[in-house]
Amino acid sequence: MMIFEAKRLIYLAMPKTGSTAIESVLQPHADIAFRSPPRLKHATPRTIRNFNRLFKPIDPYEFELVVMMREPLSWLESWYRYRTRSDLDNHPHSTKHVSFEDFLIATCEKEPPAFAAIGSQHKFLCDTGTTPLAETIFPYEQLSSAMTYLNKRLGTHHKVSDVNKSPAICVDVSDDVLELIGQKRRQEIELYEEVATGKYLPSDPSFNAAVSE
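Here goes a summary of the coordinates provided. (Residues numbered from 1 in each chain as written. Predicted model: local features only at pLDDT ≥ 70, side-chain atom pairs only at ≥ 80, totals over all residues. Heavy atoms only, no water.)

**Thoughts on the overall build of the chain**
When its secondary structure is counted, the chain shows 11 helices and five strands. Relative to its 213 residues, the chain shows a buried fraction of 45%. Relative to all contacts within the chain whose residues are 6 or more apart in sequence, the contacts with residues 24 or more apart total 72%. Carbon and sulfur atoms make up 50% of the accessible area of the chain, which amounts to about 11,200 Å² in all. (Helix = DSSP H or I, 4+ residues; strand = E, 2+ residues; numbered from the N terminus. Buried < 20%, exposed > 50% of the residue type's maximum accessible area, 1.4 Å probe, protein only. Contact = heavy atoms within 4.5 Å. Areas by Shrake-Rupley, 256 points an atom, 1.4 Å probe, with all protein chains shown as cover.)

Shown next as structure tokens:
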């Protein structure tokens, strides 16, 4: 999470959505940047709204919340690949000796094992409701457009590159498991479909002009 007080903008770092790449170039411009612990680095919109005491005399409701969202299956695959890395060998979070299908099935359990306990993007964005608590949500596939918008809002001139990239792995998923994911993550899938249509993109007409330049 990064806070830009003068610009009235807070960037929220949804895990596995390119946040590391964006933070790597914008952190020097932030008034406050949380790198740890994870509950603050990856603070949710609900957490921000409850930070009134911490932010006084800054009112978090005066800030635009900007965040990325990824296509749900791609998000799950990224988590799986991220947890196959060698520094997690013999760690409960490692997925190196778990198939992708078994990982997907495990994420659907009421109490997932440690290697599959990753939460959901819908919970991150909506908490216990059905409407996102962040005003501006970019699809992960439009990372460059998100960076263009942030540059415009913050008066910066940066580009993003792959940072924190996970190992490439060939994965295959059966129709039965895809159906299970569709059932268990229905709200997340439906929310992403709205995000992908541009429903939560900036309404400022100058944004479209900046992206098309």
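Having seen the model, we can carry on.
**A look at the pairing of strand β4 (residues 64-69)**
For a regular strand, side chains alternate in direction, first toward one face of the sheet and then toward the other. For β4, the tally of buried residues reaches six of six residues, placing the bulk of the element in the interior. Burial along β4 is two-sided: the residues E64, V66 and M68 and L65, V67 and M69 are all buried. Relative to β4, strand β2 (residues 9-11) is paired through three bridges, and the arrangement is parallel. Paired with Y11 across the strands is V66, a residue of β4. Two strands pair when backbone bridges link them, and β4 and strand β5 (residues 136-139) are joined in this way by four bridges, in the parallel orientation. Residue pairing for β5: M68 is matched across the bridge by F138. (Pairing = 2+ DSSP bridges.)

**Side note on helix α6 (residues 100-107)**
Buried within α6 are the following residues: F100, F103, L104, A106 and T107. End-on, the buried residues of α6 take up no more than an arc of 160°, which puts them together on one face. Where α6 is buried, its residues contact α5 (72-82) and α9 (175-184). (Arc of directions from axis to C-beta.)

**Quick look at the sheet that holds strand β1 (residues 2-4)**
Pairing within the open sheet is mixed, and its five strands lie in the order β3-β1-β2-β4-β5. Where the open sheet ends on each side, the last strands, each with one partner, are β3 (32-33) and β5. Relative to β2, β1 runs antiparallel, the two sharing three bridges. Its bridge partner being in β2, I3 is matched across the sheet by I10. The sheet strands contacting helix α1 (residues 19-26) are β1, β2 and β4, and the helix crosses β1 at an angle near 45°. Strand contacts of helix α8 (residues 143-154): β1, β2, β4 and β5, with the helix running at about 165° to β4, the strand carrying the most contacts. (Axes fitted to C-alpha atoms, helices over the stretch in contact; angles between N-to-C directions.)

**Details of the packing of aromatic side chains**
Summed over all chains, the structure comprises six aromatic pairs. Measuring from ring centre to ring centre gives 5.4 Å for Y80 and F103, while their planes differ by 50°; the resulting arrangement is tilted. With Y80 in helix α5 and F103 in helix α6, the pair connects residues that are 23 residues apart, well separated along the chain. The pair formed by Y80 and F103 is uniform in burial state, with each residue classed as buried. The interplanar angle of 45° and the centroid separation of 5.8 Å between the aromatic rings of F138 and Y149 together place this pair among those described as tilted. Taken together, the residues span a long stretch of sequence, with F138 in strand β5 and Y149 in helix α8 at a distance of 11 residues. For Y149, a relative accessible area of 6% corresponds to the buried category. In textbook terms, an aromatic cluster arises when at least three aromatic residues are bridged by ring pairs, as seen for W75, W79 and Y82. One Lys or Arg, R70, reaches over the ring of Y140 and ends 4.1 Å from the middle of that ring. (Phe/Tyr/Trp six-rings, centres within 6.5 Å; stacked < 30°, edge-to-face > 60°. Lys NZ or Arg CZ within 6 Å of the ring centre and 35° of its normal.)

**Topic: the packing of α1 against α8**
Look at α1 against α8: their axes get within 11 Å of each other, and the N-to-C directions meet at 30°. Classified by the angle their axes make, α1 and α8 are roughly parallel. Every pair of crossing elements has a handedness; the one defined by α1 and α8 is right-handed. Taken together, the residues of α8 that come into contact with α1 (itself represented by I22, V25 and L26) are L143, M147, L150 and L154. (Parallel < 35°, antiparallel > 145°, perpendicular 65-115°, else oblique. Left-handed = near helix turned anticlockwise from the far one by under 90°.)

**Concerning unusual backbone geometry**
Notably, K16 is not glycine yet its phi reads approximately 65°, a positive angle. Within the element layout of this structure, K16 appears in the loop between β2 and α1. A positive phi is found at N90, a non-glycine position, where the angle reads about 70°. Following the sequence through the fold, N90 ends up in the loop between α5 and α6.

Honestly, it's all geometry; don't read function into it.
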